[in-house]
Amino acid sequence: MAKKTIAVDARMIRSSGIGTVISNLLPGIIAARPDWQFQLVGSPEMLAAFAWSGAANVGIVPFETRILTVAEQWNWPVAQVRGADLLWVPHYNIPLRWSGRLLATVHDLFHIANARGLRGEAMAAYARFFLNRVRRRADAVAFVSRFSQSEFERFIGPPKGISRVIHNGVDRQWFEEQSQGQKAATPYFVFVGNVKPHKNLPRLLEAFSRIADRVPHTLLIVGKREGFITGDNSVGAIAGPLGARVAFTGAIPDQELRPLVANADALVLPSLYEGF
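Residues numbered from 1 in each chain as written. Predicted model: local features only at pLDDT ≥ 70, side-chain atom pairs only at ≥ 80, totals over all residues. Heavy atoms only, no water.

Topic: the overall build of the chain
Then, number 1: On a plain count of helices and strands, the chain comes out with nine helices and 11 strands.
Then, number 2: With the principal axes as the frame, the chain shows a C-alpha extent of 65 × 40 × 30 Å.
Then, number 3: Per-residue burial over the chain gives 43% buried out of 276 residues.
Then, number 4: Just so you have it, the chain exposes about 14,900 Å², and 54% of that area is on carbon and sulfur atoms. (Helix = DSSP H or I, 4+ residues; strand = E, 2+ residues; numbered from the N terminus. Buried < 20%, exposed > 50% of the residue type's maximum accessible area, 1.4 Å probe, protein only. Areas by Shrake-Rupley, 256 points an atom, 1.4 Å probe, with all protein chains shown as cover.)

So, in structure tokens, the structure goes:
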């Protein structure tokens, strides 16, 4: 039997949400299928940071055109992966020139469901265009939750191919007791997520300001603050009057995040919309 070849669009491997899914799933799949050949489409430099990308059954197809652009469709290296038995795209902007078997993962319908929260409706139109292509073109669509599946059917319609709900897993290390290290002198609440409008951080900061004089805690906000198409520039100004009671760490690696969460008095998630 001929060796199967699986191509994977891995360009978003450093993104916070989708990147976490890709970087956690790929090493397990690659190790579980040593008899398959994997072609990872993305930045060679970025992928080289992951030891498993150097496995004997892994090849890298260079592709560094910025995602969510017209240019990515024109430059997509379709010819280099044309012989693959399957292309897995772990997001909705599939390559329109790909004619082989296709698996797409849909995480959420945020850009359509929350179009009013974006700068105009350009992103909503872009998302709707590609999600309609996913519905008609993909041989299989994986949804991370029944909610995302129902949102897809509500806004786009039922996929023509196979449709499956495959929940996001949780790394085993999150269930292990974390080394406490040196506990913070001041107790704290922690929020984990990028600074985007649907994360509802202005309301979280307002709520925290109402109780700040009654609790000794600081509020720790873990996640990227900039570099998004739809960021929330109001958060810094709202946090300003709270001074040192609010701290932004920026994005941090998982090995630092786990003990940070373990030592918090509470994990706060006020998000207005999440696919998972």
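Anyway, onward from the coordinates.
Section: the packing of aromatic side chains
Then, number 1: All chains considered together, the criterion is met by nine aromatic pairs.
Then, number 2: A centroid spacing of 6.3 Å and a plane angle of 40 degrees characterise the contact between Trp-36 and Phe-38, whose relative ring orientation is tilted.
Then, number 3: Look at Tyr-126 and Phe-130: their rings are 4.7 Å apart centre to centre, the planes differ by 40 degrees, and that puts the pair in the tilted class. Separated by four residues within a single helix, Tyr-126 and Phe-130 lie in helix H5 (residues 122-137), roughly one turn from each other. Each member of the pair, Tyr-126 together with Phe-130, is buried.
Then, number 4: One aromatic cluster is present, built from ring pairs that chain together Phe-110, Phe-147 and Tyr-273.
Then, number 5: When the ring centre of Trp-36 is taken as origin, the NZ or CZ atom of Arg-33, which lies over that ring, is 5.2 Å away. (Phe/Tyr/Trp six-rings, centres within 6.5 Å; stacked < 30°, edge-to-face > 60°. Lys NZ or Arg CZ within 6 Å of the ring centre and 35° of its normal.)

Considerations on the nonpolar core
Then, number 1: Ranked by size, the top nonpolar core spans 31 residues in total, and within it Tyr-92, Val-106, Leu-109, Leu-131, Val-134 and Phe-152 carry the most contacts.
Then, number 2: Listing elements by their share of this core, those giving two or more residues are strand E4 (86-89), strand E5 (102-106), helix H4 (110-113), H5 and strand E6 (140-143).
Then, number 3: When residues in this core are grouped by element, the largest group, six residues, is from H5.
Then, number 4: Counting 16 residues, the second-largest nonpolar core is a separate cluster that includes Ile-6, Ala-10, Leu-47 and Phe-50. (Core = buried A, V, L, I, M, F, W, Y, C linked by side-chain atoms within 4.5 Å.)

Comments concerning the sheet that holds strand E8 (residues 188-192)
Then, number 1: Taken together, four strands build an open sheet; the order of strands is E10-E9-E8-E11 and the sheet is parallel. Strands with a single pairing partner mark the edges of an open sheet, and in this sheet they are strand E10 (246-250) and strand E11 (266-267).
Then, number 2: Across the sheet, helix H7 (residues 201-211) is in contact with E8, strand E9 (218-222) and E10; its angle to E9 comes to roughly 165 degrees.
Then, number 3: Along the sheet, helix H9 (residues 254-262) makes contact with E8 and E9, crossing E8 at roughly 140 degrees. (Pairing = 2+ DSSP bridges. Contact = heavy atoms within 4.5 Å. Axes fitted to C-alpha atoms, helices over the stretch in contact; angles between N-to-C directions.)

Considerations on helix H1 (residues 17-32)
Then, number 1: Here H1 contains 16 residues, and its C-alpha end-to-end distance of 23 Å stays within 8% of the 22 Å for a straight helix at 1.5 Å per residue.
Then, number 2: Those residues of H1 that sit buried are Ile-18, Gly-19, Val-21, Ile-22, Ser-23, Leu-26 and Ile-30. (Expected span 1.5 Å × (residues − 1).)

Section: the sheet that holds strand E1 (residues 5-9)
Then, number 1: Here seven strands make up an open sheet; going across it, the order is E3-E2-E1-E4-E5-E6-E7 and the pairing parallel. The open sheet has two edge strands, strand E3 (58-62) and strand E7 (162-165), and neither has a second partner. The mean inter-strand angle of the sheet, taken between neighbouring strand axes irrespective of direction, is 20 degrees.
Then, number 2: Where E5 lies against E6, four bridges are found, and the strand directions are parallel. What sits directly across from Val-106, in E6, is Phe-143.
Then, number 3: Taken strand by strand, H1 contacts E1, strand E2 (37-42), E3 and E4, and its axis lies near 160 degrees from that of E2.

Topic: a nonpolar patch on the surface
Then, number 1: Together, Val-170, Trp-174 and Phe-175 line one region of the surface with nonpolar side chains, adding up to about 350 Å² of accessible area.
Then, number 2: Among the secondary structure elements, Phe-175 is positioned in the loop between E7 and E8.
Then, number 3: For Phe-175, a relative accessible area of 68% corresponds to the exposed category. (Patch = residues over 30% accessible without salt bridge, like charges linked within 9 Å, V, L, I, M, F, W, Y side chains within 5 Å. Salt bridge = Lys/Arg side-chain N within 4 Å of Asp/Glu carboxyl O.)

A few points about unusual backbone geometry
A negative phi holds for most residues other than glycine; trans holds for most peptide bonds.
Then, number 1: Located in the positive-phi region is Leu-68, a residue other than glycine, with phi close to 60 degrees.
Then, number 2: Within the element layout of this structure, Leu-68 appears in the loop between E3 and helix H3 (70-75).
Then, number 3: Using a relative accessible area of 28% as the deciding quantity, one classes Leu-68 as partly exposed.
Then, number 4: At Asn-200, a position not held by glycine, the phi torsion is positive, near 65 degrees.

With respect to the side chain of Asp-9
Then, number 1: Mapping Asp-9 onto the fold places it in strand E1.
Then, number 2: Among the polar contacts made by the side chain of Asp-9, one reaches the side chain of Arg-11 at a distance of 2.9 Å.
Then, number 3: In this structure the side chain of Asp-9 is engaged in a polar contact, spanning 3.5 Å, whose partner is the side chain of His-91. (Polar contact = N/O pair within 3.5 Å; in protein donor to acceptor, adjacent residues only side chain to side chain.)

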